[in-house]
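# Topology and contacts: notes
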Amino acid sequence: MIPNFVKERELNEEGFDLYFAGSQNKLCDEYMLAHSANRLCSQLGEKKIIQYWIQNKTENSKLFIDSGAFTAYTKGDVIDVDDYIDYINSITQHLTIYAQLDKIPGRFNQPKSLQDIKEAPSLSWENYLYMRPRMKEPEKLVPIFHQGEDYKWLVNMLEWVDENGNHIPYIGISPAVDMPGIEQFLDRSFSIISKSSNPNVKTHAFGMTRLSLLERYPYYSADSTSWLKSGSMGSIYTPWGTLYVSDRRDVDINCIYNQHGDALKKIEDYIGKFGFTVEEVRTEYVKRLLINIQYLLDWASSYRFKGKRYSKTLF
């Protein structure tokens, strides 16, 4: 089964909603704005960036606000849900969607008990139900289902309806990119979605830009900091894969100076299309970031769903 939004996207040749996450310098944000990119910002520590985007984004740019729950979790902090609600309501007319305040199990860098794991999705759902009636635009509120949680919580999100009989229009399906079994998790999640009473729900991939998986599974949107991490560590995205270009590790097997002949010429020509020289991207990380941003923008604009179809029945 193909969700209706995927069919419409293919018929109308609309791109994938890819959100760029992660703080960066003004030049990158200016480039994103000039190219009508979408941005995800955390309300925890990125409010100046959010305000900048509200003031400068184009009509075609989308803005997604995250609660900052994971960042708070790593620092041992607690986010006040009412403060988060008030903040979102103060800017909601500028937002496309925003994440619920979810509960991360246990304490950061400490073993998680079975009780922690079982309790977290229940508390997250309580937060969603608390937040929804208090939001000015509750349809923009996105609940999140995490890999490792009992699938009954995904079913719960899919089957829930409001007082008017409306399903939740948008949910987060969050794989654990540092854990094995991502494809099994996504297979089961999207199979459950296809068999539910809400098979056309839009889904968002939190913190994932494995493009092959985004083409295989019918996600509506995703966010990631991979463009930033890759460029900062010395690499650029290319049609031939991710290549190391920094002058810091010329011995790296994927370094462009370890390519020869036609391969090196193609890489130089590719970099030249951005108006940069090889030496510039080797020594200036911001120019690597701009190449990565444009690569992902091009991928999103030409997105085609290539993946699995899910039957509504077992037979």
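By convention here, each chain's residues receive numbers from 1 onward along its written sequence. Thresholds applied to this predicted model are a pLDDT of at least 70 for local features of residues and 80 or more for the giving and counting of side-chain atom pairs; totals over whole chains, interfaces and linings are not thresholded and use all residues. Just so you know, side-chain values use all the structure's heavy atoms and leave hydrogens and water out.

Turning to the nonpolar core, a few remarks are in order. In this description, a nonpolar core means a group of buried Ala, Val, Leu, Ile, Met, Phe, Trp, Tyr and Cys residues linked to one another through side-chain atoms lying within 4.5 Å. Using a 1.4 Å probe on the protein chains alone, a residue whose accessible area is under 20% of its type maximum counts as buried, one over 50% counts as exposed, and one in between counts as partly exposed. Counting residues in each nonpolar core, the largest one holds 92 residues, and the members touching the most others are I65 and Y219. Each helix is a run of H or I in the DSSP string that is no shorter than four residues. Each strand is a run of E no shorter than two, and both are numbered from the N terminus. For this core, the leading source of residues is helix α13 (residues 285-301), giving 9 residues.

Looking at where L154 falls in the secondary structure, it is placed in helix α7 (residues 152-159). As for L154 and P138, which are separated by 16 residues in sequence, their C-alpha atoms are 19 Å apart.

Moving on, we come to the pattern of salt bridges. Salt bridges, as used here, are contacts in which a Lys or Arg side-chain nitrogen is within 4 Å of a carboxyl oxygen on Asp or Glu. For the structure on display, the rule yields 10 salt bridges. Across the pair R216 and E183 runs a salt bridge, and its minimum N-O distance is 2.4 Å. In this pair, R216 sits in helix α9 (residues 211-216) while E183 sits in helix α8 (residues 182-195), placing the two residues 33 residues apart along the sequence. Here E183 falls in the partly exposed class, since its relative accessible area comes to 32%. Between K306 and E215 there is a salt bridge, with its nearest N and O atoms 3.3 Å apart. A residue pair is termed long-range when its members are at least 10 positions apart, and K306 in the segment after α13 and E215 in helix α9 qualify at 91 residues. Relative accessible area serves as the criterion here: at 16%, E215 is assigned to the buried category. Through salt bridges with shared partners, a single network forms among E280, E284 and K287.

Quick look at α7 now. Three or more residues of α7 are buried, namely W153, L154, M157 and L158. Angularly, the buried residues of α7 cover 140° about the axis, an arc narrow enough to put them on a single face. On its buried side, α7 packs onto α6 (114-131), β6 (144-146), β7 (170-174) and α8. Here the arc refers to the directions that run from the helix axis out to each C-beta atom. When checking whether two residues touch, look at their non-hydrogen atoms; a contact exists if any pair is within 4.5 Å.

Relative orientation of the contacting elements α6 and α7 amounts to 15°, with a least axis distance of 10 Å. In terms of their interaxial angle, α6 and α7 are classed as roughly parallel. You can see that α6 and α7 cross each other, and the crossing is right-handed. Contact residues: α6 offers P121, S122 and W125, while α7 offers W153, N156 and M157. Residue type decides the class: Asp, Glu, Lys and Arg count as charged, Ala, Val, Leu, Ile, Met, Phe, Trp, Tyr, Cys and Pro as nonpolar, and the leftover types, Gly among them, as polar. By residue class, the composition of the contact of α6 with α7 is 4 nonpolar, 2 polar and no charged. All axes are obtained by fitting lines to C-alpha atoms, using only the stretch in contact for helices, and the reported angles, taken between N-to-C directions, cover 0 to 180 degrees. Each angle receives one of four descriptions, namely roughly parallel if under 35 degrees, roughly antiparallel if over 145, roughly perpendicular if within 65 to 115, and oblique otherwise. Helix crossings get a hand from a simple test, with the near helix turned counterclockwise from the far one by less than a right angle marking a left-handed crossing and a clockwise turn marking a right-handed one.

Each patch is assembled from residues with relative accessible area greater than 30% and no salt bridge, linking like charges that lie within 9 Å and nonpolar side chains (Val, Leu, Ile, Met, Phe, Trp, Tyr) that lie within 5 Å. Only the protein chains shown count as cover for residues, and all accessible areas are computed by the Shrake-Rupley method using a 1.4 Å probe. Lys and Arg are tallied as positive, Asp and Glu as negative. Neither His nor the chain termini are counted. The location of each charge is read from NZ of Lys, CZ of Arg, CG of Asp or CD of Glu. On the surface, a cluster of negative charge is contributed by D80, D82, D83 and D86. Overall, D82 belongs to the partly exposed group, its relative accessible area being 34%.

This part covers the pairing of strand β8 (residues 202-205). Whether two strands pair comes down to DSSP finding at least two bridges between them. Alignment of β7 against β8, held across 3 bridges, turns out to be parallel. Across the sheet, residue Y170 finds its bridge partner in β8, namely K202. Handedness of a crossover: with both strands directed away from the viewer, a clockwise path from the first strand across the helix to the second marks it as right-handed. As a crossover connection, the stretch from β7 through α8 into β8 is right-handed. In this sheet, strand β9 (residues 221-224) lies alongside β8 in parallel orientation, the contact comprising 2 bridges. The residue of β9 that forms the bridge with H204 is S221. Since β8 and β9 lie parallel, the crossover through α9 that links them has a hand, and here it is right-handed.

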